[in-house]
Each structure stands twice: as structure tokens, then as C-alpha cells.
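Summary of the model geometry
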Amino acid sequence: PNELHELYGSMGATAVLLYAAPAAALSQPRNCILGHTISAVWGVTCYKMSALLVTDPTRIQWLTSSVSVSVSIVLMHLAKSLHPPGGATALTAVLSP
């Protein structure tokens, strides 16, 4: 479906990790599922908070983009579920409302 084309990047990166390095810690199911979930929830939260702060969230997209990716990395690290493509998921949530 065309509605999901924004997720191609992060899901493609996940596929590379799963098929090229299946034994790596970053490729484990827990990391994949939690990493994407944490990042998606945080990305949407960042977008919604930016919409509350300014009338046009695209004006501070540079800020919400960097905050969504960096904080999602910290959250994944704290949850011991680091999955690098999750950063792209957070970015997608901010850039594609």
C-alpha cells in the first residue's frame, strides 16, 4: 500500500540485519519489536508535542527530528533493546504525520 511507503527505509534496514546477521544482538526479535515500538511511540509523541508548541510543526522539524532520533536511541538503550533501524522509525513518525 502507498500509505506505508515511508516505512520502507527502516524495514529494509531491519531486513538486512535479520538476514545478514541473524545471530547479532541487534537482530534479535526482542530488539526488533521493542526498538521499533519504542521509536514509533516516541516519534509520534515528539510530533504531537511540537504541534502543541507551535501552530506549524514543520517550522521546527529540524528540532523534532533530532530529538526524536536521539531520545529514541536513549530509550532503546535503557530498555536494553537497541535496534538501529528504530531511529529511522522515529524519524519517519516525525516527518510523515
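Here the structure is shown first, and the text comes after it.
All of the points below concern the structure found in this document. Treat the numbers as computed from the prediction; the structure is a model and nothing was measured.

The helix and strand tally for the chain stands at 4 helices and 0 strands. Over its C-alpha atoms the chain spans a radius of gyration of 14 Å, differing by no more than 12% from the 13 Å that the globule rule assigns to 97 residues. With the C-alpha coordinates aligned to their principal axes, the bounding extent of the chain is approximately 45 × 35 × 15 Å. Burial statistics for the chain: of 97 residues in total, 32% are counted as buried. If you take every contact in the chain between residues at least 6 apart in sequence, the share linking residues at least 24 apart comes to 67%.

One can describe the packing of helix 2 (residues 29-53) onto helix 4 (residues 85-95) by two numbers: an axis separation of 7 Å at closest approach and a directional angle of 25°. The angle between helix 2 and helix 4 falls in the class roughly parallel. Judged by the sense of rotation from one axis to the other, the crossing of helix 2 with helix 4 is right-handed. Residues G35, H36, S39, A40, G43, V44, C46 and Y47 of helix 2 form the contact with helix 4, whose participating residues are P85, G86, G87, T89, A90, A93 and V94. The residue inventory of the contact of helix 2 with helix 4, partitioned by class, reads 8 nonpolar, 7 polar and no charged.

Considering the arrangement of structural elements, one finds A51 in helix 2. By relative accessible area, A51 is classed as partly exposed at 36%. Considering only alpha carbons, one finds A51 and A88, 37 residues apart in sequence, at a separation of 20 Å.

Look at helix 1 (residues 8-20) against helix 4: their axes get within 8 Å of each other, and the N-to-C directions meet at 170°. It follows from the interaxial angle that helix 1 and helix 4 lie roughly antiparallel. Every residue of helix 4 that contacts helix 1 at S10, A13, T14 and L17 is listed here: P85, A88 and T89. Split into classes, the residues belonging to the contact of helix 1 with helix 4 amount to 4 nonpolar, 3 polar and no charged.

Looking at where S68 falls in the secondary structure, it is placed in helix 3 (residues 61-78). For S68, the side chain forms a polar contact with the main-chain oxygen of S65, separated by 2.9 Å.

Parameters at a glance
Residues numbered from 1 in each chain as written. Predicted model: local features only at pLDDT ≥ 70, side-chain atom pairs only at ≥ 80, totals over all residues. Heavy atoms only, no water. Helix = DSSP H or I, 4+ residues; strand = E, 2+ residues; numbered from the N terminus. Rg over C-alpha atoms; globule rule 2.2 N^0.38 Å. Buried < 20%, exposed > 50% of the residue type's maximum accessible area, 1.4 Å probe, protein only. Contact = heavy atoms within 4.5 Å. Axes fitted to C-alpha atoms, helices over the stretch in contact; angles between N-to-C directions. Parallel < 35°, antiparallel > 145°, perpendicular 65-115°, else oblique. Left-handed = near helix turned anticlockwise from the far one by under 90°. Nonpolar A, V, L, I, M, F, W, Y, C, P; charged D, E, K, R; others polar. Polar contact = N/O pair within 3.5 Å; in protein donor to acceptor, adjacent residues only side chain to side chain.

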